Amino acid sequence: MIGQDLTAADTVAAHVPVARRERRRSLAGRRAFDLLGAGALLILASPVMIGIAVAVWTTSRGPALFRQDRVGRGERTFRIYKFRTMRVDASDAIHRQYVTDMLNGNAVPQGEDAVAFKLADDPRITKVGGFLRKTSLDELPQLLNVIRGNMSLIGPRPVLPWEAELFDPRYRTRFAVKPGMTGLWQVSGRSTLTMNDALELDVEYVERRSFRLDLSILLKTVPALLDGGGAR
């Protein structure tokens, strides 16, 4: 499991072969693309985000914005931003059990709204939160993470620290790049993928990473959002 019997130097060294594939100019171009794209989207989405914040704050107890530690590039943690979709007193026990069962092959996504890392019928979700998740509007504050440099527009899903500790070592390559707001597995059949399938696609993305692939993922993300599937 990740994080066991490994030093920080071991972790960084494991990512070097993949990281060397990307030239400095390519990384600079990707960063510029992220800044321009996230900046433009943030400006365009600002009125919607204000409306969402008001809806979340007035329909359930607690803040509109949700902050949580996630694992990013180099297995370093960072604080992610999302609109709150759950009750403030919700326990994560049901989610932990679901993820553990999925990784052990004892569960599969079920139902129209199933997704590898999330329960289809999560009792902790508020009514407004259910809509936000279905449309992926709860992810909009992550544009701030992209601007700050914690995330990219395209990349592997930013996972929770305890989720990362459950991953098989062969999936460590996914931490060689910044996590993204959308990615390869999110547009590859969310209701039929197991969690291990999704992780395999994360690794495939890192190994095939290119601007052409990123553009393809972005183009596929748009219809995924429009049909209510989301790009979680």
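Structure report, in brief. (Residues numbered from 1 in each chain as written. Predicted model: local features only at pLDDT ≥ 70, side-chain atom pairs only at ≥ 80, totals over all residues. Heavy atoms only, no water.)

**Quick word on the environment of Ala 38**
The condition is simple: Here a helix means four or more residues in a row that DSSP labels H or I, a strand means two or more in a row labelled E, and each is numbered from the N terminus. Any residue under 20% of the maximum accessible area for its type is buried, any over 50% is exposed, and the rest in between are partly exposed; the area is computed with a 1.4 Å probe on protein chains only. Whether two residues touch is decided by their heavy atoms; if any such pair falls within 4.5 Å, the residues are in contact.
One can find Ala 38 in helix 2 (residues 24-59). Among the residues examined, Ala 38 registers a relative accessible area of 0% and is labelled buried. With 109 residues separating them in the primary sequence, Ala 38 and Ile 147 have C-alpha atoms 6.4 Å apart. Non-local contacts of Ala 38, meaning those with residues more than four positions away in its chain, are made with Leu 143, Val 146, Ile 147 and Leu 153.

**A closer look at the packing of aromatic side chains**
Quick note on the threshold: Two aromatic rings from Phe, Tyr or Trp, using only the six-membered ring of Trp, form a pair when their centres are within 6.5 Å; if the ring planes differ by under 30 degrees the pair is stacked, by over 60 it is edge-to-face, and anything between is tilted. By the criterion adopted, a ring carries a charge over it if an Arg CZ or a Lys NZ lies within 6 Å of its centre and within 35 degrees of its normal.
Taken as a whole, this structure holds zero aromatic pairs when the rule is applied. When the ring centre of Phe 211 is taken as reference, the NZ or CZ atom of Arg 30 above it lies at 4.7 Å. The aromatic ring of Phe 175 is capped on one face by Arg 174, whose charged end is 5.1 Å from the ring centroid.

**Notes on helix 3 (residues 93-103)**
Keep this limit in mind: The arc in question is the one traced by the directions running from the helix axis out to the C-beta atoms.
The complete set of buried residues in helix 3 reads His 95, Tyr 98, Val 99, Met 102 and Leu 103. The buried residues of helix 3 occupy one face: seen down the axis, they fall within an arc of 125 degrees. Residues of helix 3 that are buried make contact with helix 6 (161-166) and helix 7 (195-208).

**A few points about the environment of Asp 92**
Along the chain, the position of Asp 92 falls in the loop between strand 2 (77-83) and helix 3. Residue classification places Asp 92 among the partly exposed residues on the basis of a relative accessible area of 33%. Among residues more than four places away in sequence, those in contact with Asp 92 are Arg 124 and Trp 162.

**Describing the pattern of salt bridges**
For the record, the criterion: We define a salt bridge as a contact between a side-chain nitrogen of Lys or Arg and a carboxyl oxygen of Asp or Glu at a distance within 4 Å.
Scanning the entire structure with this criterion turns up 11 salt bridges. When the shortest N-O distance is used, the salt bridge between Asp 214 and Arg 30 registers 2.2 Å. You can see Asp 214 sitting in helix 8 (residues 211-226) and its partner Arg 30 sitting in helix 2, a full 184 residues away along the chain. On the basis of relative accessibility, which here comes to 5%, the residue Asp 214 falls in the buried class.

**Quick look at the pairing of strand 1 (residues 65-71)**
Our working rule: A pair of strands counts as paired when DSSP detects no fewer than two bridges linking them.
Of the strand pairs in this sheet, strand 1 and strand 2 are connected by seven bridges, and their pairing is antiparallel. Residue Arg 67 lies in a different strand from strand 2, and its bridge partner there is Tyr 81. Joining the antiparallel neighbours strand 1 and strand 2 is a turn of five residues, in which Gly 74 adopts a positive phi near 70 degrees.

The quantities given are spatial measurements derived from coordinates; they are silent on function.
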